[in-house]
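Summary of structural features
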There are 2 protein chains.
Amino acid sequence: MFPRSPVLFALALALLPAPAGPREDAWDARFRAVPRTDSVRSYLRHLSARPHHLGSAYGLANARWMRDRFAAWGWDAQIERFEVLFPTPRERVVELVAPRPFRARLAEPVMAGDATTAQRAEQLPGYHAYSADGDVTAPLVYVNYGVPADYERLERMGISVKGAIVIARYGGSWRGIKPKVAAEHGAVGTIIYSDPKDDGYFVGDVYPTGPMRPRDGVQRGSVADMPYHPGDPLTPGVGATRDARRLDRKDAKTITRIPVLPVSYADARPLLESLAGRVAPEEWRGALPITYHVGPGPARVHLKVLFDWKLQTIHNVVARIPGREAPDEWVVRGNHHDAWVNGAVDPISGMAAVLEEARALGELLKQGWRPRRTIVYAGWDGEEPGRLGSTEWAETHADELRAKAVAYLNTDSNQRGFLSAGGSHSLERLLNDVAREITDPETGLTVWKRWQLNEIARGTTEARKELRERADLRLDPLGSGSDYTPFLQHLGIASLNLGFGGEGFGSSGVYHSIYDDYRWFTRFGDTTFTYGQALAQLVGSAVIRLADAEVIPYQFRPMHDAASKYAGEVRKLLADRREAAAERNRQLDEGVFAATRDPWQPEADPAREEVPPALDFALLDSALARFGASAVHYDTLAARMRDRPAVRDAAALRELNAKLMATERALTRAEGLPGRPWYRHQIYAPGFYTGYGVKTLPGVREAIEERRWEEARQQIAVLAGVLGDAARAIDDAGAALERL
Amino acid sequence: MFPRSPVLFALALALLPAPAGPREDAWDARFRAVPRTDSVRSYLRHLSARPHHLGSAYGLANARWMRDRFAAWGWDAQIERFEVLFPTPRERVVELVAPRPFRARLAEPVMAGDATTAQRAEQLPGYHAYSADGDVTAPLVYVNYGVPADYERLERMGISVKGAIVIARYGGSWRGIKPKVAAEHGAVGTIIYSDPKDDGYFVGDVYPTGPMRPRDGVQRGSVADMPYHPGDPLTPGVGATRDARRLDRKDAKTITRIPVLPVSYADARPLLESLAGRVAPEEWRGALPITYHVGPGPARVHLKVLFDWKLQTIHNVVARIPGREAPDEWVVRGNHHDAWVNGAVDPISGMAAVLEEARALGELLKQGWRPRRTIVYAGWDGEEPGRLGSTEWAETHADELRAKAVAYLNTDSNQRGFLSAGGSHSLERLLNDVAREITDPETGLTVWKRWQLNEIARGTTEARKELRERADLRLDPLGSGSDYTPFLQHLGIASLNLGFGGEGFGSSGVYHSIYDDYRWFTRFGDTTFTYGQALAQLVGSAVIRLADAEVIPYQFRPMHDAASKYAGEVRKLLADRREAAAERNRQLDEGVFAATRDPWQPEADPAREEVPPALDFALLDSALARFGASAVHYDTLAARMRDRPAVRDAAALRELNAKLMATERALTRAEGLPGRPWYRHQIYAPGFYTGYGVKTLPGVREAIEERRWEEARQQIAVLAGVLGDAARAIDDAGAALERL
């Protein structure tokens, strides 16, 4: 039996054999020779040639074209349809009614020399999907990023947004958080603009000279309350099939409570310039050549936005290569194909890699390869408005996926630069191994090495030490922002989200605008398509290894390592909150705030805050120790097995792999997270008040952040229970492995 | 005998009696009732009514007016004259010659509603005093703040400024560092501009709506190499009397090697906008609505500046109240009276307080008060071009001052807000005691309490602990920036520099421009003159205590505490440099820089750096322990003496006070600091590459910073010697005290 005490367990960790080197595998090496930059270029050029948002003619044409490509490469390919709510705007007005009239243009001009930008009839205008209808006129208040901390600051300044329209800049959180928090504070409308500080001329030259956002560029996007649930607002938790039971729109919880519209910085400037009142705090100020004021007054704004609230058809492309030995074990791979406009970067740079992988796997089929498991490739529709295609598909096939899915591998935008890898930590070793096999196109280093050196360059002293000593690089935990969410966080399928980026200026300046197109991409993006090629090599290699390994290549020590790290963070979060509250109260007693505020700029004392209670983490500690012991036990057995001859009993193997698939499922609870049952994973979730930003151990962490102490205590027990279940699932897998 | 070992010494410190409460003193309490805001207002209005730079008619009129006021209040007042080099511009040109013509306006427009700004005939234009003559045309390069680290960054980008004109923004160092470092790197000219990020619209509304710098506002200033020596460039180290031996101008070391001119942000924008090449690093970018590029090219600039290199007469106002018991012990108090233009804030807000103190002391004289020591009040001329009036006076009277000066108390600009107090740590207790007696006008707290609470609000956890537990607040060490420099750093006279500020936006936006005038001051500055009144109360109280105390009220434990703290910092500096060099070299070996730079934006590896040697600080440690024991011994004796009856032997008292004056002198060396003999103080100096910014333990610290290891070793020994001398001087004073 393996030691269960923390001390013996730590000792055992130290005694384990060093991790083995990269696996040699003829098929994945052959695979890597196939992807070509020319092919990636041709897919990208074709798919981004015209606007192809959900419901567009070109979007459907793209789906059919991709289906036909898959079929031509030897895949079993189909289009799967769903019917989802997808509002598009009928009327949009943003105008200043005082102190002087100004009407926002709300349009992105055609860029000379970039013909794609002239496809006006097919372009969706700048708007926010799932904003409520609204027609309001009210004083304007500038709220910085519009996150909860910004409203605390406003409150101290004595400024209320009740009955006001707020103007927030993009950044600091996912955009959908802004109208949600504004509404919670009583605002009647929200305008979100792109400040040149964040993705315009402050950062670099603007398009067409450089890659950054031009003055009239607008960031479209979804504002559905996806931290509550993604997917069709009318069919939470179930597939939006034609005959699904639908909510009344008024009962849909993910549509905003107040109207919201995005504007460019050219349109925002007259609004911001008309604000008086307090000068905005320094960290709130952007790069417009004005003094930023908070308001309210004298600016009054009229905001009107009305939608066509229609159902629209999702066209997911789903293609399969059936597995030879284990057809009921699936490796699922996806990227979305819908864009806000032409979307050369987002999403076609990733979709093109998916297609090139598919072509290359087709080549292997011709060479006689047959994967052990079934491979499912998907091009999702409707990701932009709310992960619609992936969510509805995952909800529709939930039972089958829970039974069969080995892993889900996602990509989205892809650019020059460094590997960015997030996902389930059971896949950490696999991903590190694959990253060591791929060459970075511009430096000739392995992708893994460049990733490591970049982390070293950016790391603290402590982080550098780990980066140099740890065999593998850590995967980032996943929040949200792309199609992995239903697979990982709703169904508990081990997932990866991969892509290159972070070089130069990136694509933030054309994100969700009409300027994200082929011309931009071939001047400022992955101009030679080598990173598209590298992405295809990387993800395809991972797919082949996952599909062909007899035993699913999970490792559980990295999962334990990650969970322990997050538990430490949560503990520190509470300790820091306790210390901060005590210090704040002490400063209130000392009169620090009264003594240091400018008497000309009255500012209220912050609220006295009860010092958070200490919480008992013993249950969590015990569960983590138990989980760690199980993880070490399994990984040790699995490492030993690698040296034994590869003749197995097929049924025993099937049983083992089924038990392995159950391990990530064990990290979910059917009840979901407190207040948002759709999110079932207990280790990773998007933050309720950050949007895309991840919250690890979300049940415990968010209860502490929101000062719900009783819930925090309950969630510690819940989490300990889940970790115990996962440890048992790993033990089961270990037992099955020993029986092989 | 007092314990000399560190451990016993620390024990002794812990056993010392708690510091005594504020001293009751009828005369300084009576004094504090006299100052009136109306008087302060009337001085300020009068003195700032017309431009009054060095050599101006109104400057001379102000000197005479002040002399007459002093005389009317019962002081013995005179004007003392010196003849100094003071260049003013004959011709100034900044123009873009490529890629398009643009000629900078180089003028500050009259502001409607502020008649003072229309006194054009008397205003000095925007220029830099002690710039070299020059007429150059060259490519332009943007160098951020133009400090050494910025040139390291440029070098890594592959950009040389050899033969170029550099444009630097104000900030990051004292302005005179910018042309000095530019010339060291081969530049042929320097333009310095005020970025709106630093003191313009980014910070707050601009004048006349708000207090910040308007688009055409220019910061004048000196660029003499004052970290080498302040004062007249032609008479280093000696008074610039009419018949003094003068250097040839070509041999003057403090005149810049290349021409330099300041410009507004309206004038800078077309220059910066015409730069191409690399986008400037993020932290280099200001708040102009442009993408900041580094250049060089295509911008070519013509910079021409020619001066009248004439001698000009300094008019220092010097007034005395002779001491009754100790006429040869002087308490010296000063503020400058010259401005760049009208200078309501700089320097009249401080000068007005000096005058109000003088009036109030005159009132005490009428009530029968006669100070024990001589009080010397001064209004310095020519501070702006280079601390000319104070330096030449101090150099002329050096021997007498070394023999007689008990302390020098300086003020300069004064505004609403918090006390800012720097100086010799022997005066730390005195200043803390006085600050506890003064009421902050806007909060009603004591000035001391508001100061403490402000430090708590801004402090780290560690700093807050000390702030709450230590009896006194620490004085800031003094670098340079006002007239204390010759007294403290050249002559070794215990000094204080005091002022209020830090509330709201401050005066940085009109600093050294025509807009620093009465209208601005009465709208945005110390509008009700209550902080002028408080400053007079504070400094006057300190003057009275210093003038009347039988035993000069120095304490040496704070001096030991400060020196020990600085020694710890210097040690940490070396350790950090060692660690940083080792880490950098390791990253070079690992290829971190090559792997992480953008291949499209080539960037050289940083230079490999020899890891600094460990240095032996044992001599310094021993000397500090010795010094600490002497300090504790003296302070303990002095505290005991306070309880004994006040009948003393006059000669013994004189001897004791002479020995006390010698203690700060003992911290100086006749040889001065390495490479800059004028600076003699071994604890405090302005930084050779920071300008105003202080370097404590400068001999050791700057040797480490500049990687001169042999010099660092020598300077450790030198510093240990100086601390030993100071300890002996304190012991001598202690012995004299015991003989009382």
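Residues numbered from 1 in each chain as written. Chains lettered and ligands numbered in written order. Predicted model: local features only at pLDDT ≥ 70, side-chain atom pairs only at ≥ 80, totals over all residues.

To continue, consider the overall build of chain A. Helix and strand counts for chain A stand at 24 helices and 18 strands. Whereas a compact globule of 740 residues would reach a radius of gyration of roughly 27 Å, chain A reaches 26 Å, a difference of no more than 12%. By the burial criterion, 58% of the 740 residues in chain A qualify as buried. The long-range share in chain A, meaning contacts at least 24 apart out of those at least 6 apart in sequence, stands at 81%. (Helix = DSSP H or I, 4+ residues; strand = E, 2+ residues; numbered from the N terminus. Rg over C-alpha atoms; globule rule 2.2 N^0.38 Å. Buried ≥ 20, exposed ≤ 12 C-beta atoms within 10 Å, placed from the backbone. Contact = placed C-beta atoms within 7 Å.)

Residues and elements named next belong to chain A. Structurally, chain A comprises domain 1 (6-18 + 556-739), domain 2 (34-85 + 312-548) and domain 3 (88-309). Using only C-alpha atoms to locate each centre, domain 2 and domain 3 end up separated by 29 Å. Listed as interface residues are 38 residues of domain 2 and, on the opposing side, 41 residues of domain 3. Of all the elements, helix α11 (residues 388-396) adds the most residues to the side of domain 2 that touches domain 3, at five residues. (Domains from an automatic or database assignment.)

Let us now look at the interface of chain A and chain B. Reports of interface size often rely on the accessible area that becomes lost once the parts have come together. The partner chain B presents 32 residues to the 31 residues of chain A that form the contact. Where the side of chain A that touches chain B is concerned, the elements lending two or more residues are α14 (447-458), α19 (557-590) and α20 (592-596) of chain A. Ranked by the residues each element gives to the side of chain A that touches chain B, the list is headed by α14(A), at six residues. Of the residues that constitute the side of chain A that touches chain B, the class distribution is 15 nonpolar, eight polar and eight charged. (Nonpolar A, V, L, I, M, F, W, Y, C, P; charged D, E, K, R; others polar.)

A word on the packing of helix α21 (residues 618-641) of chain A against helix α24 (residues 709-739) of chain A. Residues and elements named next belong to chain A. Contact pair α21 / α24: the axes reach a minimum separation of 8 Å and the direction vectors enclose 20°. It follows that α21 is roughly parallel to α24 by the angle criterion. As for how α21 packs across α24, the hand of that crossing is left-handed. For the contact of α21 with α24, the residue count by class is 20 nonpolar, five polar and three charged. (Axes fitted to C-alpha atoms, helices over the stretch in contact; angles between N-to-C directions. Parallel < 35°, antiparallel > 145°, perpendicular 65-115°, else oblique. Left-handed = near helix turned anticlockwise from the far one by under 90°.)

Note the cis peptide between A:Gly295 and A:Pro296, where omega equals -5°. For A:Pro296, the location among the structural elements is in the loop between α8 (265-273) and β10 (300-308). Geometrically, the link from B:Gly297 to B:Pro298 is a cis peptide bond, its omega value of -10° lying close to zero. You can see B:Pro298 is positioned in the loop between α8 (265-273) and β10 (300-308). The phi dihedral of B:Leu106 falls on the positive side, at around 55°, and the residue is not glycine. Here B:Leu106 is to be found in the loop between β3 (102-103) and β4 (128-129). With a phi angle near 60°, B:Arg707 is a residue other than glycine that sits in the positive phi range.

A separate point is the environment of A:Leu488. Residues and elements named next belong to chain A. Of note, Leu488 is situated in helix α16 (residues 484-490). Distance from Leu488 to Thr313, taken between C-alpha atoms, is 25 Å for residues 175 residues apart in sequence. Apart from the residues lying within four places of it in its own chain, the contact partners of Leu488 are Tyr408, Ser424, Leu478, Ile493, Ser495, His681 and Tyr684.

Residue and element names in this part refer to chain A. You can see Arg100 is positioned in the loop between β2 (88-98) and β3 (102-103). We classify Arg100 as exposed; it has 10 C-beta atoms within 10 Å. For the pair formed by Arg100 and Pro298, sequence separation is 198 residues and the distance between their alpha carbons is 9.4 Å.

Attention shifts here to the environment of A:Val331. Residues and elements named next belong to chain A. Mapped onto the fold, Val331 is located in strand β12 (residues 326-336). Sequence separation between Val331 and Ala542 is 211 residues, and the spatial gap between their C-alpha atoms is 9.9 Å. Setting aside anything within four residues of it in sequence, one finds Val331 in contact with Arg373, Ile375, Val406, Ala407, Val543, Leu546 and Ala547.

On to the relation of the copies chain A and chain B. For the pair chain A and chain B, the superposition axis carries a translation of 0.0 Å, the fit reaches an RMSD of 0.0 Å, and the rotation angle comes to 180°. The superposition operator between the copies reduces to a two-fold rotation axis. Interface overlap between copies: 100% of the residues of chain A at the interface are likewise at the interface in chain B, consistent with a symmetric, same-surface contact. (Least-squares fit on C-alpha atoms with pLDDT ≥ 70 in both.)

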